[in-house]
Amino acid sequence: MGTIKSYQELLVWQKSMTLVTEIYDATKKLPEDERFGLTGQMRRCSVSIPSNIAEGWGRLSRKNYIQFLRISRGSLYELETQILITKKLNYINDCESIESLIIEISKMLNSLIKKLEDKS
């Protein structure tokens, strides 16, 4: 995929990895009875974002890569919704860093998808 030799060089993947660590830290603050609810779901969503970027890269097909980037974007929006839920429930109130990362990653994914689609 161009001059980039690995998905790990992609800034969107790197930022997604940062998001994973922030989500794991934030979910430690959730009530114990949410361990199998919001905590697990938020962690799975966050892990899905960089994982799908990597998996799509490994498919070596632009069409497949775009599809996996869309899956990443869907997981990102799902995670954003779950962050909003935790705020409404007053579980987590200091999410500015996470929310900023979500916005930034969303823009990056949208841009990457558009560039790849334009090359088709």
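Please refer to the structure placed before this passage.
Because the structure is predicted, anything quoted here is derived from the model rather than measured.

Chemist: For this particular structure, what's the right way to read helix 4 (residues 96–119)?
Modeler: The periodicity of an α-helix, 3.6 residues per turn, causes residues three or four positions apart to be oriented the same way. With 24 residues, helix 4 ought to run about 34 Å at 1.5 Å a step, and its terminal C-alpha atoms sit 35 Å apart, in line with that. All of the buried residues in helix 4 are Ile-98, Leu-101, Ile-102, Ile-105, Ser-106, Met-108, Leu-109, Leu-112, Ile-113 and Leu-116. On its buried side, helix 4 packs onto helix 1 (11–27), helix 2 (35–58) and helix 3 (62–88).

Chemist: What exactly am I supposed to notice about the pattern of salt bridges here?
Modeler: Pairs can form between side chains of opposite charge once their charged atoms are near each other. Counted under the stated rule, the structure contains 8 salt bridges. Close ionic contact of Glu-104 with Lys-15 constitutes a salt bridge, the shortest N to O distance being 3.2 Å. Placement of the pair is Glu-104 in helix 4 and Lys-15 in helix 1, with a sequence separation of 89 residues. For Glu-104, a relative accessible area of 31% gives the class partly exposed. Glu-99 serves as the salt-bridge partner of Lys-87, at 2.8 Å between the closest nitrogen and oxygen. Note that Lys-87 is positioned in helix 3 and Glu-99 in helix 4, a separation of 12 residues in sequence. Note on Lys-87: relative accessible area 30%, which makes it partly exposed. Accessibility expressed as a relative area gives 24% for Glu-99, which makes it partly exposed.

Rules of the game
- Residues numbered from 1 in each chain as written.
- Predicted model: local features only at pLDDT ≥ 70, side-chain atom pairs only at ≥ 80, totals over all residues.
- Heavy atoms only, no water.
- Helix = DSSP H or I, 4+ residues; strand = E, 2+ residues; numbered from the N terminus.
- Expected span 1.5 Å × (residues − 1).
- Buried < 20%, exposed > 50% of the residue type's maximum accessible area, 1.4 Å probe, protein only.
- Contact = heavy atoms within 4.5 Å.
- Salt bridge = Lys/Arg side-chain N within 4 Å of Asp/Glu carboxyl O.

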